[in-house]
Amino acid sequence: MARNGLMIDYEYCTGCHSCEIACKQEHNYPVGRGGIHLSEIITERPDKSLRIDYLPFPTQYCNLCLPRTTRGEKPACVKHCQAATMYFGSLAELAKLMEARPHSALFTPI
Amino acid sequence: MIERGSGSRHIAGRAGEPDSLKGDPMADTDGGVQIHKMGAWSAGPGCHGGCGVKVYVKDGKLIKVEGDEDHPYLQGRACPRVLAMPQYVNHPDRLQHPLKRVGERGEGKWQRISWDEALELCEHRLREIRDKYGAESVVFGQGTGRDAGGFIIFLAYAYGSPNWTLFGLSGISCFTPRLAAMHSVTGDFTFPDAAQFSPQRYEDPEWVAPKVMVSWARHLAGSHCTDHYFSGHWVVDMMKRGTKLIVIDPVCSWEASRAEIWLQLRPGTDGALALGMLNVIIGEGLYDKAFVEKWTHGFDKLAERARDYPLEKVEAITWVPAEKIAKAARMYATSKPAAMRFGQPLDSNSEATATIHALNCLWALTGNIDVPGGNVITRPPFGVTIYPYSTEEVIQLYGEEFVSNLTKKRIGADRYPMVKNFRAWALSDVVLEQMETGNPYPIKGLWCQTNNFLANTAQDPKRHYEAVRKLEFNVVVDTFMTPTAQAIADIVLPAGSFPEKDSVFTTGVPLNAIRKVISVGECRSDWEINFELAKRLNPEAVPWKNTRELFTQRLKASGLTFEELSERPWAMAPKNHPSGTVPYRRHEKGQLRADRKPGFRTPSGKVELYCTTYESWGLDPLPYHREPIEGPISTPEVYKEYPLILITGRRSGVFFHSEHRQIPWLREIEPHPTVELHPETAKSLDINEGDWVWIEGVRGKVKRRAKLTPVIHRQMAHALHGWWLPETDGTAPNFYGVWDLNVNQLIPMGKQSTSGFGGAPNKTMLCRIYKV
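Residues numbered from 1 in each chain as written. Chains lettered and ligands numbered in written order. Predicted model: local features only at pLDDT ≥ 70, side-chain atom pairs only at ≥ 80, totals over all residues. Heavy atoms only, no water.

Moving on, we get to the overall build of chain B. A count of helices and strands for chain B gives 31 helices and 27 strands. Considering chain B as a whole, with its 772 residues, one finds that 69% of them fall into the buried category. Carbon together with sulfur atoms contributes 49% to the accessible area of chain B, which is approximately 23,700 Å² in total. (Helix = DSSP H or I, 4+ residues; strand = E, 2+ residues; numbered from the N terminus. Buried < 20%, exposed > 50% of the residue type's maximum accessible area, 1.4 Å probe, protein only. Areas by Shrake-Rupley, 256 points an atom, 1.4 Å probe, with all protein chains shown as cover.)

Printed below as a string of structure tokens:
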């Protein structure tokens, strides 16, 4: 069976935290634990303007929502992402999507 | 789990066909879990969005909330606050029973009483005040959230008081100034077109993506879906479809960091900036000449006013380089269609309704009204209203004679023409004044619902505390014990969150039903509480058997009963619906005016660049800029001592105003009450990340923890509003830490705009910051 992963098109991630809370709700994780950790990365462009990036990182507590995806549902974070900028699928499918996305990252948490 | 019954049938594209959509919303699924579809409106997320959710219930308990992928508003997406609903609904600190104060106010001594006793007490005390002083002596104050104010104006009017207000917020400076200005200039409200009126959304063949979206004083990352009529992330949907951004904001927001052009203006100077842009667009002939000729009134006079704002002058006022302003104006005017969204900071401009008038002129001059991808006229779905946003809607619900009679004693209506003539608020600043002076009549009681003014809503909260604690009878209705309830309430009534209540959402599209599927303790919905009390106080005003009957009557124009809407559970009016609630180009088709003639719902039938309605109210009929009450230009001597401009009130994605500080998953994300500073500013003040600092203004000081971030301007500071610490002592004098943290103590009341609406100076006060 093809290995699955999470792809983040972080051009559009707004840092809204829906992924983190969706994960906590799905798995009933307590404070201090979560399957997604959102990072903020602020960098200066050569013209001194700022680029703000957010990146949801799947932690060791991410199981890619196996029970959900087995039922044919999206992982909780992917479904609820307000910017609709998280993708779940096989690595081959995700890699193909990445070809047209200049700022993207692929994660294989399991 | 498999959804059955209603689930798969709530498919987009069936608008206006209620009978074909019968389902079984109570369908059981395996594992004993029931899934209920409904709209999500506060309490819970705390918002005015229109999203649809699936509520998972097991053994009578809410176990999960997910987005509803068949709902057109967010297509299954959801905000953090909706997703944290299990922690909100099942929180051990939820108020679950009516409480009666048995100690002194603020002592924290409460006795559990029955609903019968609570309503009896409220009825008795309110009748007593009405008999002795008149119904106008009780103020009915709302905040925002929890269906907002539909049930509060309902109770106030049943009781006979004209004094329905957004208690504490100076100039009612949130949304109402926008509504009043747009309504006066255009006859309607307009919002950016994200195809929200079509069940097909972005696939609707009539819709096109705006070429440019102007995000003016509006953070996407904070507004999420908390906004009225428009959801923040629709901007991202549009960016993916090619929309470019112009961002106008003192803070470098995420959108600013993705924008083609970002104008970093000085807070409170939006009016000057808009007039500078108008000057460029008019001077360079970039406006839509055909639209201006046929559909606008007073172009020459506006052109003359705009000439008072040459770019070098505007640069000096706004701190934005002239060439950048020109570039933004040109890009906006020459990209068609273009849309513009703007936020609460404009309601806080010194002359808010003049500033918003200027923005109206921008989208009118460029012909971006009611066209696909522009700013579209927005009316409640099917013409159904549950919470009135305009004078028309208030009259629709309560009748012209009744409303005009109440206006005679409505606080502030005699002094402020816009307060008298638009919507039906009592003006917060004058309410406070009258509580203190008793003139022209005394105030004896406060019904405070969805409002935590001690921590959040009010400017100068201590002044409010002193005024309200002297009243004879105060009731607070809320979901948690708050600083406000602890400090001033005689009776506290427990309100239900959204899955605990029946309600209807009519703020924008679609029309949503909210349905009671769980119970928590003895909590009741705000509607139910006010319905029962209104019935006791004035049975004639409440001819319905229950709230569902009331909702069905109010839903009449949709052709749906409450039960029918619940089964869908949302509906959108079809195109060309006679209510005129669906775009586009309704002014050409005669769908906007009562007389069905082409044109806009204004006296001239045109968009009034020169606003005859303002003129008839004695207001300047043209837009203008007035400096903030404090600042480098208006108070240079204060500026020397207090060199930072303090911005407050940024929306948080995880908190709604003062809510959610006790929700563990949400608090974890923003654990500390912070003040944000540029790292270089902090360095010059010897302040490090996480240090406790004082924010001091001329009116006082509060404590915050420093958060260093380069998104803040070097000459500014930003403090999130609404902070209190539910984990600390709630009794007097601590009141959960509000006096330490509430930044509104630096902000005065009584500085409202000339029109009455707008002007709460919560983005523009001066401060200095130093280590504790």
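Right, let's get into unusual backbone geometry. Residue and element names in this part refer to chain B. Cis geometry marks the peptide bond from Ser42 to Ala43, where omega comes out at 0°. Mapped onto the fold, Ala43 is located in the loop between strand 1 (33–39) and strand 2 (52–58). Cis geometry marks the peptide bond from Asn439 to Pro440; its omega dihedral reads 0°. Inspection of the secondary structure assignment puts Pro440 in the loop between helix 19 (428–437) and strand 15 (445–449). For Asn576, which is not glycine, the phi dihedral falls at a positive 65°. Checked against the element boundaries, Asn576 lands in the loop between strand 20 (570–571) and helix 26 (586–589).

Take the sheet that holds strand 2 of chain B next. All names here are of chain B. On the basis of which strands lie adjacent, the open sheet formed by 3 strands has the order 1-2-3 and antiparallel pairing. Here the strands that pair on one side only, and so sit at the sheet edges, are strand 1 and strand 3 (61–67). The average angle at which neighbouring strand axes cross in this sheet is 25°, direction not considered. As judged from the 6 bridges shared by strand 2 and strand 3, these two strands associate in the antiparallel manner. By the bridge assignment, Val57 is partnered in strand 3 with Leu62. (Pairing = 2+ DSSP bridges. Axes fitted to C-alpha atoms, helices over the stretch in contact; angles between N-to-C directions.)

All names here are of chain A. Under the criterion given, the structure shown has 0 disulfides over all chains. Cys81 provides the cysteine sulfur closest to Cys16, a residue in no disulfide bond, and the two sulfurs are 6.2 Å apart. Its relative accessible area of 8% is what places Cys16 among the buried residues. (Disulfide = S-S within 2.5 Å.)

Listed by partner, the interface residues are 37 residues for chain B and 36 residues for chain A. At the boundary of chain B and chain A, one finds 7 salt bridges. Where B:Glu668 meets A:Lys24, a salt bridge forms, and the shortest distance between an N and an O atom there is 2.8 Å. At the boundary of chain B and chain A, one finds 24 residue pairs in polar contact (both at pLDDT 80 or more). Secondary-structure elements contributing two or more residues to the side of chain B that touches chain A are strand 3, helix 1 (80–83), helix 6 (220–223), helix 7 (234–240), helix 8 (254–258) and helix 29 (664–667) of chain B. Looking at which element gives the most residues to the side of chain B that touches chain A, the answer is strand 3 of chain B, with 4 residues. Here the side of chain B that touches chain A is composed, by residue class, of 22 nonpolar, 7 polar and 8 charged. (Contact = heavy atoms within 4.5 Å. Salt bridge = Lys/Arg side-chain N within 4 Å of Asp/Glu carboxyl O. Polar contact = N/O pair within 3.5 Å; in protein donor to acceptor, adjacent residues only side chain to side chain. Nonpolar A, V, L, I, M, F, W, Y, C, P; charged D, E, K, R; others polar.)

This next bit is on the domain arrangement of chain B. All names here are of chain B. Assigned domains within chain B: domain 1 (99–173 + 387–508 + 519–543), domain 2 (189–378 + 593–616) and domain 3 (636–771). When each unit is reduced to the centre of its C-alpha atoms, the spacing between domain 2 and domain 3 is 29 Å. At the junction of the two partners, domain 2 supplies 24 residues and domain 3 supplies 23 residues. For the pair domain 2 and domain 3, the summed buried surface comes to about 1,700 Å²; carbon and sulfur atoms form 62% of the total. For the domain 2 face of the interface with domain 3, the top three residues by lost area are Pro267, Trp319 and Ser348, together amounting to 28%. Summed over the shared surface of domain 2 and domain 3, the number is 0 salt bridges. One can count 10 residue pairs in polar contact (both at pLDDT 80 or more) joining domain 2 with domain 3. Broken down by secondary-structure element, the contributors of at least two residues to the side of domain 2 that touches domain 3 are helix 6, helix 14 (344–347) and helix 15 (352–365). Residues that form the side of domain 2 that touches domain 3 fall into these classes: 9 nonpolar, 12 polar and 3 charged. (Domains from an automatic or database assignment. Buried area = accessible area lost by both parts, 1.4 Å probe.)

As a further point, take the pattern of salt bridges. Under the counting rule described, the total for this entry stands at 60 salt bridges over all chains. Between A:Asp53 and A:Arg51 there is a salt bridge; the shortest N-O distance is 2.9 Å. Residues B:Glu117 and B:Lys100 are paired through a salt bridge, measuring 3.8 Å at the closest nitrogen-oxygen approach. You can see B:Glu117 sitting in helix 3 (residues 115–133) and its partner B:Lys100 sitting in strand 4 (residues 99–101), a full 17 residues away along the chain. The exposure class assigned to B:Lys100 is partly exposed, which follows from its relative accessible area of 23%. The structure contains a network of salt bridges with shared partners spanning A:Glu26, A:Arg68, A:Arg71, A:Glu73, A:Lys79, B:Lys54, B:Lys64, B:Glu66 and B:Glu69.

Quick look at helix 1 (residues 18–27) of chain A now. Among the 10 residues that make up helix 1 of chain A, 8 are buried, leaving the element largely enclosed by the rest of the structure. Here helix 1 of chain A has its buried residues at A:Ser18, A:Cys19, A:Glu20, A:Ile21, A:Ala22, A:Cys23, A:Lys24 and A:Gln25.

Residue and element names in this part refer to chain B. Assignment of secondary structure puts Leu169 in the loop between strand 7 (164–166) and helix 5 (176–186). By relative accessible area, which is 9% here, Leu169 ends up buried. For Leu169 and Pro643, which are 474 residues apart along the polypeptide, the C-alpha to C-alpha distance reads 26 Å.

This brings us to helix 19 of chain B. Residue and element names in this part refer to chain B. Of all 10 residues that make up helix 19, 7 are buried, and the element is covered over most of its length. Every buried residue of helix 19 is accounted for by Ser428, Asp429, Val430, Val431, Leu432, Gln434 and Met435. As for helix 19, its buried residues are in contact with strand 6 (138–142), strand 7, strand 15 and helix 21 (461–469). Residue Gly438 follows helix 19 closely and has a positive phi angle near 75°.

Attention now moves to the side chain of B:Thr507. Residue and element names in this part refer to chain B. Along the polypeptide, Thr507 turns up in the loop between strand 18 (503–505) and strand 19 (511–514). A relative accessible area of 2% means that Thr507 is categorised as buried. Once residues lying within four places of it in the same chain are set aside, the contact partners of Thr507 are Trp41, His228, Tyr229 and Tyr389.

With that settled, consider the environment of B:Pro199. Looking at the element boundaries, B:Pro199 is found in the loop between strand 8 (189–192) and strand 9 (212–216). Once the C-alpha coordinates of B:Pro199 and B:Pro72 are considered, the two residues, 127 residues apart in sequence, prove to be 5.8 Å apart.

The predicted structure's coordinates, where accompanied by low pLDDT, should not be read in detail. Averaged over all residues, the pLDDT of chain B equals 94, while 95% of them reach at least 70. Ignoring residues within four places in sequence, the model shows residues 1–28 of chain B, a span with pLDDT below 50, making 67 contacts including any to other chains. (pLDDT = per-residue confidence, 0-100.)

Moving on, we come to the side chain of B:Asp204. Residue and element names in this part refer to chain B. One can find Asp204 in the loop between strand 8 and strand 9. For Asp204, a relative accessible area of 5% translates into the label buried. Polar contacts involving the side chain of Asp204 include one to the side chain of Ser198, which spans 2.7 Å. When residues no more than four places from it in sequence are discounted, the contact partners of Asp204 are Ser198 and Lys575.

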